[in-house]
Amino acid sequence: MQRRALIQGAGATGLLALLGGCATSRVPESAKVVVVGGGYGGATAAKYVRLLSDHKIDVVLIEPNDSFISCPLSNLVLEGARDLSSLATSYDGLRRQHGITVVKDYVSAVDPAKKTVTLARGGSIRYDKLVLSPGVELQLDTVPGLSEAHAEGRVLQAWKAGPETVALRKQLEALPDGGVYALTVPEAPYRCPPGPYERVALVASYFKKAKPKSKVVLFDANPDVTSKGALFKKAWSELYPGLIEYRPQHKVVGIEGNTLKFEVQENFKADVLNVLPQQRAGQIAVQTGLANSNKRWVGVDYLTFQSTAAKDIHVIGDAIQLAAGMPKSGHMANSHAKVAAAAIVSELSGLAPNPKPLLTNTCYSFVAPDLVVHVASVHEYVEAEKTFKTVAGSGGLSSERNALEAQYALGWAKNIWADALG
Amino acid sequence: MKTLLARSTLAAAALVASLAAGGALAQDAAALQVRSWAATCANCHGTEGRSSSTDAGLAKLAGLDKAYLVEQLTAFREGKRPATIMHQLTKGYTPAQLDAIAGYFASQK
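Computed from a prediction, not measured in an experiment: that's the story for all the values here.

A. Just the overall build of chain A, in detail. In terms of regular secondary structure, chain A is built from 11 helices and 25 strands. The C-alpha radius of gyration of chain A comes to 23 Å, within 12% of the 22 Å expected for a compact globule of 422 residues. Overall, the C-alpha framework of chain A stretches about 80 × 65 × 40 Å when taken along its three principal axes. Considering only contacts within chain A whose residues lie at least 6 apart along the sequence, 67% involve residues at least 24 apart. Entry remark: accessible area of chain A is about 16,900 Å², with carbon and sulfur atoms responsible for 53%. Mean positive and mean negative side-chain charge positions of chain A (45 and 39 charges, respectively) differ by 4 Å.

Written out as structure tokens, the structure is:
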């Protein structure tokens, strides 16, 4: 009897240990720097805290997905020129090359007072410094009818590259020749300013080859194209004559079936609706009380990217309130990450942060699978105004769409993926 | 002589210990600043200048001669070397910053 109880007890203990091991085997009880979100911002921050500290500061990266999937280049999946798998990069490089502990989980709560994060599957991790790179949350509830339409898989966004990108491609493939695809753009700021304009060009590229009687209609809540306007409009008219219709100042206020309802203009019915709603900082930043700019974006001290609402929490990427001229782009998130990482390494080492940080942005847009345009800028921290400003005379646009920049865009992708994750 | 040697050894050991206690960073703020500026090039030219995609003209910068790098960066900045994007980006940096960045990449192997 005693022996049986002992065996049962040992079995139970073993099972508990096993369950515990599954849930928490790679979760350290304590860490110096915890990074939440493994996108362009978070992955880069995790790697650069390790690099800039000569691999001396411990880093834990918490990310729910198995691998990083790039939003840049994902419009080529809609065109049919690329597979989604070609946009994926494993987190193994961060583990193996840089000794970062990568935990596959969501963060359900942050306690800024206790300096801990709680994981959705249980357990918590203490931090000295926390980096939040949660990206954006799509506010589906700001357009009546959109949440339901999205839940049913009828109206997609595909604004975070992944299964939705593939699902939208399938909707385009199923569209009959002569069908209409409509994309709506919210008022700026939103993730990836040129993204919608690139998307309509690449959907039109697919239609031109596969279903030339079809049509693309772009409804923009903004008064005009928000990025690379002249270059996009020239490409639309010259490469896809009659295929793309652009309607500015159209703000979507509801969805019924396949019909878009606008604030002022007539309703519009299309076969495939692709509705991008207003966006705000990712949920964990909002929930932690950091979204102190219009309740949408996180205010930061730009010298260190520390939240203005909580000490020792640094927020980077699309979730922050932008300085003037600073776009919500992957390249910019990578740049934020390096400034934040250097500031964190400095502070944990007893040094003052770099007083003159620099940020760059380079954004390539495909107007056809082999033709690209770019916009670039360099931003310097201006102490007197405590913000980043675009360096006068720096940056600019492509002189015209060209094939050489298509090669550069692909090279950029390889290098920035390796810079963030390799 | 023996005492002096022992003292300097002790001093060196104390310095190492203080570096370790202070966050273990064997670099100063100025070096970290230059490293951070150079990191702004990594998105296109690879981490620490070790590009993984040189086929598209995104040159590997690590280990190149500093004078050559300064010359090229200056030529871009002054519009003397044609480019799609580098003539725009280099105008965002001062000549002193470009010089420091070139020195950093030259020191990488």
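Let us keep going from here.
B. Focus on the interface of chain A and chain B. Each partner contributes residues to the interface: chain A has 48 residues there, and chain B has 36 residues. Note on chain A versus chain B: buried area summed over both sides is about 3,300 Å², and carbon and sulfur give 56% of it. Viewed at the interface, chain B and chain A are joined by one salt bridge. A salt bridge links Asp-54 of chain A to Arg-35 of chain B; the nearest nitrogen and oxygen atoms lie 3.4 Å apart. Here chain A and chain B share 17 residue pairs in polar contact (both at pLDDT 80 or more) between them. Breaking the side of chain A that touches chain B down by element, the ones donating at least two residues are α2 (40-52), α10 (330-348), β22 (358-368), β23 (371-382), β25 (396-397) and α11 (404-421) of chain A. It is α11 of chain A that provides the largest number of residues to the side of chain A that touches chain B, a total of 11 residues. Grouping the constituent residues of the side of chain A that touches chain B by class yields 20 nonpolar, 20 polar and eight charged.

C. Representation of the state of the cysteines. All names here are of chain A. For the coordinates displayed, the defined rule picks out zero disulfides over all chains. Note on Cys-71: no disulfide assigned, nearest cysteine sulfur contributed by Cys-192 at a separation of 7.8 Å. What makes Cys-71 partly exposed here is its relative accessible area of 26%. Residue classification places Cys-192 among the partly exposed positions, given a relative accessible area of 29%.

D. Up close: the sheet that holds strand β14 (residues 252-256) of chain A. Residue and element names in this part refer to chain A. As summarised here, the arrangement of the three strands in space is β14-β15-β16, forming an open sheet in which the pairing is antiparallel. Among the strands making up the open sheet, the edge pair consists of β14 and β16 (268-269). Sheet topology places β14 next to strand β15 (residues 259-262); four bridges connect them, and they run antiparallel. Residue pairing for β15: Val-252 is matched across the bridge by Phe-262.

E. Structural detail: the domain arrangement of chain A. All names here are of chain A. Looking at the assigned domains, one finds that chain A contains domain 1 (32-138 + 280-353) and domain 2 (146-275). The centre of domain 1, based on its C-alpha atoms, is set 30 Å off from the matching centre of domain 2. The partner domain 2 presents 23 residues to the 20 residues of domain 1 that form the contact. Among the residues domain 1 hides against domain 2, the three largest losses belong to Asn-75, Leu-78 and Glu-79. Together they make up 38% of the total. Taken together, the links from domain 1 to domain 2 amount to two salt bridges. When the shortest N-O distance is used, the salt bridge between Lys-209 and Glu-79 registers 2.7 Å. Summed over the shared surface of domain 1 and domain 2, the result is 10 residue pairs in polar contact (both at pLDDT 80 or more). For the side of domain 1 that touches domain 2, the secondary structure elements donating two or more residues are α3 (75-79) and β10 (136-138). Of the residues forming the side of domain 1 that touches domain 2, the biggest block, five residues, is contributed by α3. Looking at the side of domain 1 that touches domain 2, its residues break down into 10 nonpolar, five polar and five charged.

F. Expanded view of the pairing of strand β2 (residues 59-62) of chain A. All names here are of chain A. Residues of β2 alternate between two faces, with Val-59 and Leu-61 on one and Val-60 and Ile-62 on the opposite face, all of them buried. By the bridge criterion, four bridges tie strand β1 (residues 33-36) to β2 in an arrangement that is parallel. Following the sheet pairing, Val-33 is matched in β2 by Val-59. Two strands pair when backbone bridges link them, and β2 and strand β5 (residues 101-103) are joined in this way by three bridges, in the parallel orientation. Looking at β5, one finds that Ile-62 is bridged to Val-103.

G. Spotlight on the sheet that holds strand β7 (residues 116-119) of chain A. Residues and elements named next belong to chain A. Pairing is antiparallel in the open sheet, where three strands are placed in the order β6-β7-β8. Single-partner strands in this sheet number two, and they are β6 (107-111) and β8 (124-126). With direction set aside, neighbouring strand axes in the sheet form an average angle of 20 degrees. Alignment of β6 against β7, held across four bridges, turns out to be antiparallel. Of the residues in β7, the one forming a bridge with Asp-111 is Thr-116.

H. Inspection of the side chain of Ser-307 of chain A at higher detail. Residue and element names in this part refer to chain A. Relative to the assigned elements, Ser-307 resides in strand β20 (residues 306-307). Among the polar contacts made by the side chain of Ser-307, one reaches the main-chain amide nitrogen of Ala-310 at a distance of 3.1 Å. Beyond its immediate chain neighbours, meaning those up to four positions away, Ser-307 contacts Leu-290, Val-298, Gly-299, Val-300, Ile-313, His-314 and Val-315.

What counts, and where the lines are drawn
For every chain, the first residue of the written sequence is number 1, and numbering continues from 1 onward in sequence order. Labels follow written order: the first chain is A, the first ligand is 1, and so on. Residue-level local features of this predicted model are given only where pLDDT is at least 70; pairs of side-chain atoms are given and counted only at 80 or more, and the full residue set underlies all totals for whole chains, interfaces and linings. Think of the side-chain values as coming from all heavy atoms in the structure, minus any hydrogens and water. Strands are runs of DSSP state E lasting at least two residues, helices are runs of H or I lasting at least four, and both sets are numbered from the N terminus onward. We compute the radius of gyration from the C-alpha atoms alone; for a globule the expected value is 2.2 Å times N to the 0.38, where N is the number of residues. Working rule for contacts: check all heavy atoms of both residues, and any pair within 4.5 Å makes them a contact. Values of accessible area rely on a 1.4 Å probe in the Shrake-Rupley scheme; residue burial ignores everything except the protein chains shown. In this count, Lys and Arg are taken as positive residues and Asp and Glu as negative ones, while His and the chain termini are left out. To locate a charge, take atom NZ for lysine, CZ for arginine, CG for aspartate or CD for glutamate. Each of two parts loses accessible area, computed with a 1.4 Å probe, when they are put together; buried area is these two losses added. Put simply, a salt bridge is a Lys or Arg side-chain nitrogen that is within 4 Å of an Asp or Glu carboxyl oxygen. Whenever a nitrogen or oxygen atom comes within 3.5 Å of another N or O atom, the pair is scored as a polar contact, on the condition that within protein one atom can donate a hydrogen and the other can accept it, and that pairs from neighbouring residues in sequence are kept only if both atoms are in side chains. The nonpolar class holds Ala, Val, Leu, Ile, Met, Phe, Trp, Tyr, Cys and Pro. Asp, Glu, Lys and Arg form the charged class, and all remaining residues, Gly among them, are polar. Criterion for a disulfide: a pair of cysteine sulfur atoms at a distance within 2.5 Å. Type-normalised accessible area, obtained with a 1.4 Å probe on protein chains alone, sets the label of each residue: buried when under 20%, exposed when over 50%, and partly exposed for intermediate values. Only strands that DSSP links by at least two bridges are regarded as paired with each other. Domain segmentation is taken from an automatic or database assignment of domains. Lines fitted to the C-alpha atoms define the axes, with helices restricted to the stretch that makes contact. Angles between their N-to-C directions range from 0 to 180 degrees.

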